[in-house]
Amino acid sequence: MIANPRAFLETLFFAAVKAADPYEAILRHLPPPPKGRTVVIGAGKAASQMAQAFERAWPHPFDGLVVARHGPVAECQRTRVLQSAHPVPDAAGLAAAQALMAHVGGLTEDDLVIALVSGGGSALLPSPPEGFDLSDEIGLNEALLASGAPISAMNVVRKHFSGIKGGRLAALARPARVVTLVVSDVPGDNPAFVASGPTVPDESDAADALRAIRDYRIDLPERIVDSIRHAVAPKPDDAVFAGNMVHVIASARVSLDAAADLARRHGVHPLILSDSIEGEARDIGRMHAALAREFADNAAFAKPMVLLSGGETTVTIGNGTYGRGGRNSEFLLSAALDLQGVSGIMALAADTDGIDGSETNAGAFADGDSVSRMRAEGGDARALLSGHDAWSAFNLADDLFVPGPTGTNVNDFRVFLLG
């Protein structure tokens with residue numbers, strides 16, 4: 001029996017976050033120092049923490065510049081940390097992207113570039129193609145976020161409307177060699193999709209981007225679609241990437257395994273459903289609730305047990321109104337509606353970076369009484385879900401989970417404790 005289920009779920013979350021600690025991960029993947037200069041670049045929600053960890057791990061001289069989101073950042077001694085907006089780009093991001101491109105200019109074949117890449121870098125590094133400006137890239141990102149497209153499809157579109165994504169930043173660094181260290185926040189851990197791969201090319205082409213725009217009904221101006229139609233991103237076999245290396249140093253799978261190991265040590269049986277679940281947040285929430293009820297009622301499975309999953313769900317806003325919240329809160333509110341009155345189940349859904357959407361919470365807790373607590377405070381859980389206002393729902397129930405920024409980002413962490 002778990003005496004304090006909520007505290008237990010928190011310990012599993014922090015075990016998952018610790019497994020993605022940038023310092024230990026970077027330490028295991030450092031290249032040897034070059035004959036010439038070492039230049040460090042980076043972008044993403046974990047950029048400053050990765051830079052701080054790199055400073056501890058790298059005893060040699062280097063010139064560092066990374067871009068993190070607005071808000072608290074890790075203190076760095078030898079790395080300049082710029083900040084810009086997420087999830088919608090801003091002017092600071094435009095200047096930061098230009099600074100990163102300048103930072104890798106004028107290098108030689110004796111030099112080494114180490115790229116520290118984490119999720120969120122797509123929005124942090126706006127760099128519209130020639131003939132377009134920041135407002136065009138803002139419009140693109142707003143359309144992508146409203147579409148409900150999975151992150152892989154969004155980033156295929158983004159890298160075909162950019163001067164820095166899709167391996168272009170690495171191409172600018174030639175003839176220096178580039179080693180990219182990635183904290184993955186994408187299902188499947190394809191490094192080309194993390195932050196739209198500024199230093200990592202992939203096989204996608206303009207036709208793939210146009211297919212994503214069509215399939216997910218992404219509403220874009222024709223001049224942007226026409227630009228994407230004629231865009232050419234560098235391919236992995238391009239000579240500019242010869243000798244470059246890419247390492248995924250932390251991922252959702254590693255974090256889920258760490259949480260599962262901790263559960264076992266507490267006498268709780270873990271089952272990892274998947275580390276790469278995608279789909280509409282409210283639909284995935286209902287699916288998880290159904291699985292939780294099934295496993296809870298099935299005597300063949302020893303209790304207590306936890307169901308664990310990772311990946312990245314999406315929230316389709318469309319042209320309607322929306323409230324406050326993020327995909328993890330929306331996922332859990334949907335699950336909570338299907339768990340009304342069910343005893344013996346408690347859940348936590350949270351973003352491993354500590355911020356769910358645009359609010360200060362990482363996610364929320366839910367159990368069979370969550371909807372009743374919302375109702376007691378005057379809230380209609382179903383109406384709040386319909387209005388994409390899950391933050392307000394869980395705030396009414398006093399069920400928000402607010403650990404603060406964690407310094408890493410391996411996407412969604414979901415856990416259901418049964419029994």
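Each remark here, short or long, concerns the structure printed above.
Counting starts from 1 at the beginning of each chain's written sequence and moves along it residue by residue. Only residues with pLDDT of at least 70 get local features here, since the model is predicted, and only at 80 or more are side-chain atom pairs given and counted; chain-wide, interface and lining totals rely on the full set of residues. With hydrogens and water set aside, each side-chain value is computed from the structure's full complement of heavy atoms.

Caption draft 1: Highlighting the pairing of strand β10 (residues 363-367). Summarising burial for β10: five of the five residues are buried, a large majority. Between any two strands, pairing holds if DSSP finds at least two bridges. The numbering of helices and of strands both runs from the N terminus, where a helix is a DSSP run of H or I of at least 4 residues and a strand a run of E of at least 2. Sheet topology places strand β9 (residues 345-351) next to β10; five bridges connect them, and they run antiparallel. The residue bridging A347 from the neighbouring strand is A366, located in β10. Relative to strand β11 (residues 400-401), β10 runs antiparallel, the two sharing two bridges. In the sheet register, G363 faces β11, and the bridge partner there is F401. Exposure is judged per residue with a 1.4 Å probe applied to protein chains only, and the accessible area is read against the type maximum: over 50% gives exposed, under 20% gives buried, and values in between give partly exposed.

Caption draft 2: Representation of the sheet that holds strand β3 (residues 79-84). Strand order in the open sheet formed by six strands is β3-β2-β1-β4-β5-β6, and the pairing between neighbours is parallel. Both outer strands of the open sheet, β3 and β6 (245-250), are each paired with one neighbouring strand and no more. Averaged over all neighbouring strand pairs, the angle between strand axes comes to 15°, with direction disregarded. With five bridges connecting them, strand β1 (residues 38-43) and strand β2 (residues 63-69) associate as parallel partners. Note on β2: the bridge partner recorded for G42 is V66. By the convention used here, residues are in contact when the closest approach between their heavy atoms is within 4.5 Å. All axes here are fitted lines through C-alpha atoms, helices being fitted over the stretch that makes contact, and every angle between N-to-C directions spans 0 to 180 degrees. Of the strands in this sheet, β1, β2, β3, β4 (112-118), β5 (177-183) and β6 are in contact with helix α3 (residues 47-57), which crosses β4 at around 140°. Relative to the sheet, helix α4 (residues 91-103) contacts β1, β2 and β3, its axis offset from that of β2 by approximately 160°.

Caption draft 3: View of the pattern of salt bridges. By salt bridge we mean one thing: a side-chain nitrogen of Lys or Arg within 4 Å of a carboxyl oxygen of Asp or Glu. What the rule picks out here adds up to 22 salt bridges. A salt bridge links R327 to D351, with the nearest nitrogen and oxygen atoms 3.0 Å apart. You can see R327 sitting in helix α13 (residues 327-338) and its partner D351 sitting in strand β9, a full 24 residues away along the chain. Each member of the pair R327 and D351 is classed as buried.

Caption draft 4: Spatial organisation of the packing of helix α7 (residues 151-158) against helix α9 (residues 206-215). Closest axis-to-axis distance for the α7/α9 pair is 8 Å, and the angle between their directions is 125°. As summarised for this structure, α7 and α9 are arranged oblique, according to the angle between their axes. As α7 packs across α9, the resulting crossing turns out to be left-handed. Between α7, through A153, V156 and V157, and α9, the contact on the second element is made entirely by D208, A209, A212 and I213. Its residues assigned to classes, the contact of α7 with α9 shows six nonpolar, no polar and one charged. We call two directions roughly parallel when the angle between them is under 35 degrees, roughly antiparallel when it is over 145, roughly perpendicular when it lies between 65 and 115, and oblique otherwise. Put simply, a crossing is left-handed when the front helix is turned counterclockwise from the back one by less than a right angle, and right-handed when it is turned clockwise. Gly is put with the polar residues, along with every residue not named as nonpolar or charged; the nonpolar set is Ala, Val, Leu, Ile, Met, Phe, Trp, Tyr, Cys and Pro, and the charged set is Asp, Glu, Lys and Arg.

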